[in-house]
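These are the residues of each chain, in order.
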Amino acid sequence: MDIPPLAGKTAALSLGALPVSYALNQVSAFSQTLCVMLVSALILGLLFMTIYSLSHGEITYDPLYAVFVIFSFTSVVDLVIALQEDGILMGFMDFYTKEGEPYLRTAHGIFICYWDGTVHYLLYLAMAGAICKRKRYRNLGLYWLGSFAMSLLVFLPGNILGKYSSEIRPAFFLAILYMLVPCWAGVRIFNQSCAPTSYTLDMVQEEQKKRLLQRPADLTLIIYLILAALFTLFRGLVVLDCPADACFIYIYQYEPYLRDPVAYPKLQMLMYLFYALPFYCLAAYALIFPGCSWLPDWALVFAGAIGQAQFSHMGASMHLRTPFTYRVPEDTWAVFLLSNLLYALGPHLLAFRCLWRPAFFMPTLPLAPQGQDKKQQ
């Protein structure tokens, strides 16, 4: 997979978030919640007009260019928020975290901002750079799609259902509009052409004739997927208040963060239960039976989703903003980190395997009957 170049113009424009956020923070008028929402919408509108005037050719070639540039700007804002909440920066986004989206000050909100300000930011620069150079970015786009969708599907309902539901402000409705973006972007990214491969029909058929024991990497992944599915089912039962002793011991001794009333960890485990668990089963099936051409794309989407989710969940489980009683006990750090890191690593290894040697998942054309072959001769 070719890695697209980073877009220098996009990076320069996104860094404008620093002086803008600092200047707005100094204006006392932004202590009003409605004013925060209106100013945020105005800034995004002005940013779009600037991008359209400066990069009309790129937007005409691919409208997602404007999305990536705007989101790179908001990624810098999110990174500033995270650094400020951890005491590394001061005087930038106090007005927004107090009157705009106070739930960003939670441990989960901070780590969502860290992920958006680093991983998503680099993805935006790479995808914008690919559009400028007229190169493919489909694989990066699928990874971003899964990560972005998972972030919203946990964070937005968590704000409504958790203990911060009484602090919903008008700026929250701007975040709801973000839910429309992955739907539109996902359709465009999935419709992009895949990168050409050098596999011939004979090579594909030869690869698909191999038995599972002849593919030790796939066998290892299947074993992982089975174990991950069981772990997913177990943690789903834990947050559903299963009365089993094992669930009681786990939630109090290994992941007490699952009891936190902010609702994010419970929603995260339920997302795993209803979406990750079926995917693990289907992925194991696709590694056994050849020709499942859907797996490479969805493995990338799933890797992005699990990467973002595990980063936020692990970080929030140990962050100082999480009450002490809900943090991971020090004597179980090793078990917690090992199990959750493996849970995050597996989908990335699966996606890498699909990109590395995709012949097993390629569809093959049915062979014509011998009678037809003789007639054609």
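Just above sits the structure.
In short, a report on the structure. Since this is a predicted model, take the numbers as computed values, not measurements.

Here helix α5 (residues 64-85) crosses helix α7 (residues 107-132) at 155°, and the two axes come no closer than 7 Å. It follows from the interaxial angle that α5 and α7 lie roughly antiparallel. Here α5 and α7 pass one another in a crossing that is left-handed. Class assignment of the residues belonging to the contact of α5 with α7 gives a composition of 18 nonpolar, six polar and three charged.

Glancing now at the packing of aromatic side chains. A complete count under the given rule lists 27 aromatic pairs for this structure. Pairing Phe68 with Tyr137 gives two aromatic rings, centres 5.8 Å apart and planes at 90°, and the pair type is edge-to-face. Residue Phe68 is found in helix α5, and its partner Tyr137 is found in the loop between α7 and α8 (138-161); the two are separated by 69 residues along the sequence. Classification of Phe68 by relative accessible area gives buried; the value is 0%. On the basis of relative accessible area, Tyr137 is assigned to the buried category, the value being 4%.

Before going further, it helps to examine the side chain of Ser14. If you trace the backbone, Ser14 turns up in helix α1 (residues 8-14). At 2.7 Å, the side chain of Ser14 forms a polar contact with the backbone oxygen of Ala11. When residues no more than four places from it in sequence are discounted, the contact partners of Ser14 are Ser72, Phe73, Val76 and Tyr121.

This part covers the layout of surface pockets. Roughly 640 Å³ of volume is contained in the second largest pocket. Within the residue set of the lining of the second largest pocket, elements represented by two or more residues are α8, α10 (180-191), α14 (264-288) and α15 (295-318).

It is worth spelling out the nonpolar core at this point. Counting 107 residues, the largest nonpolar core has Phe68, Trp144, Tyr280 and Leu295 as its most contacted members. With 16 residues, the top contributor of residues to this core is α7. When near neighbours in sequence (up to four residues on either side) are disregarded, Leu295 contacts Phe279, Ala283, Ala286, Leu287, Cys354 and Phe361.

Here the structure, examined in full by the defined rule, presents one cavity of 30 Å³ or more. Approximately 680 Å³ is the volume attributed to the largest cavity. Thr74, Asp78, Tyr96, Glu101 and Tyr178 are, among the 37 residues lining the largest cavity, the residues nearest its centre. Looking at the lining of the largest cavity, the elements that each hand over two or more residues are α2 (17-25), α3 (33-54), α5, α6 (94-99), α7, α8 and α9 (172-177). Among the elements that make up the lining of the largest cavity, the one with the highest residue count is α5 (seven residues). Tallied by class, the residues present in the lining of the largest cavity amount to 27 nonpolar, seven polar and three charged.

Before going further, it helps to spend a moment on the packing of α15 against helix α16 (residues 333-356). Packing of α15 against α16 brings their axes to within 8 Å, and their N-to-C directions diverge by 160°. When the interaxial angle is binned, α15 and α16 end up roughly antiparallel. The handedness of the crossing between α15 and α16 is left-handed. Its residues placed into classes, the contact of α15 with α16 shows 20 nonpolar, six polar and no charged.

This brings us to α14. In an α-helix, one turn spans 3.6 residues; hence positions three or four apart end up facing the same way. Here α14 contains 25 residues, and its C-alpha end-to-end distance of 35 Å stays within 8% of the 36 Å for a straight helix at 1.5 Å per residue. Of all the bends in α14, the largest measures some 35° and sits at Ala276, one to four residues before the proline Pro278.

This part is about unusual backbone geometry. Backbone geometry at Arg134 places phi at a positive 60°, although glycine is not the residue there. Relative to the helices and strands, Arg134 is located in the loop between α7 and α8. Judged by relative accessible area, which is 41%, Arg134 ranks as partly exposed. With a phi angle near 80°, Ala263 is a residue other than glycine that sits in the positive phi range. Tracing the sequence through the fold places Ala263 in the loop between α13 (245-253) and α14. Overall, Ala263 belongs to the buried group, its relative accessible area being 12%.

Here the focus is the pattern of salt bridges. Considering all chains together, one arrives at nine salt bridges under this definition. The residue Glu85 makes a salt bridge to Arg105 at a minimum N-O spacing of 3.4 Å. In this pair, Glu85 sits in helix α5 while Arg105 sits in the loop between α6 and α7, placing the two residues 20 residues apart along the sequence. Arg138 is paired through a salt bridge with Asp297; the nearest N and O atoms lie 2.8 Å apart. With Arg138 in helix α8 and Asp297 in helix α15, this residue pair connects regions lying 159 residues apart in the sequence. By the burial criterion, Arg138 is buried, and Asp297 matches it.

Parameters at a glance
Residues numbered from 1 in each chain as written. Predicted model: local features only at pLDDT ≥ 70, side-chain atom pairs only at ≥ 80, totals over all residues. Heavy atoms only, no water. Axes fitted to C-alpha atoms, helices over the stretch in contact; angles between N-to-C directions. Helix = DSSP H or I, 4+ residues; strand = E, 2+ residues; numbered from the N terminus. Parallel < 35°, antiparallel > 145°, perpendicular 65-115°, else oblique. Left-handed = near helix turned anticlockwise from the far one by under 90°. Nonpolar A, V, L, I, M, F, W, Y, C, P; charged D, E, K, R; others polar. Phe/Tyr/Trp six-rings, centres within 6.5 Å; stacked < 30°, edge-to-face > 60°. Buried < 20%, exposed > 50% of the residue type's maximum accessible area, 1.4 Å probe, protein only. Polar contact = N/O pair within 3.5 Å; in protein donor to acceptor, adjacent residues only side chain to side chain. Contact = heavy atoms within 4.5 Å. 1 Å grid on protein atoms, 1.4 Å probe; cavity = no way out; pocket = protein on both sides within 12 Å on 5 of 7 lines; lining within 4 Å. Points joined across faces, edges and corners; volume = space filled by probe spheres on them. Core = buried A, V, L, I, M, F, W, Y, C linked by side-chain atoms within 4.5 Å. Expected span 1.5 Å × (residues − 1). Bend = angle between axes of the 7 residues up to and from the residue. Salt bridge = Lys/Arg side-chain N within 4 Å of Asp/Glu carboxyl O.

Remember, this is a structural readout, not a statement about activity or role.
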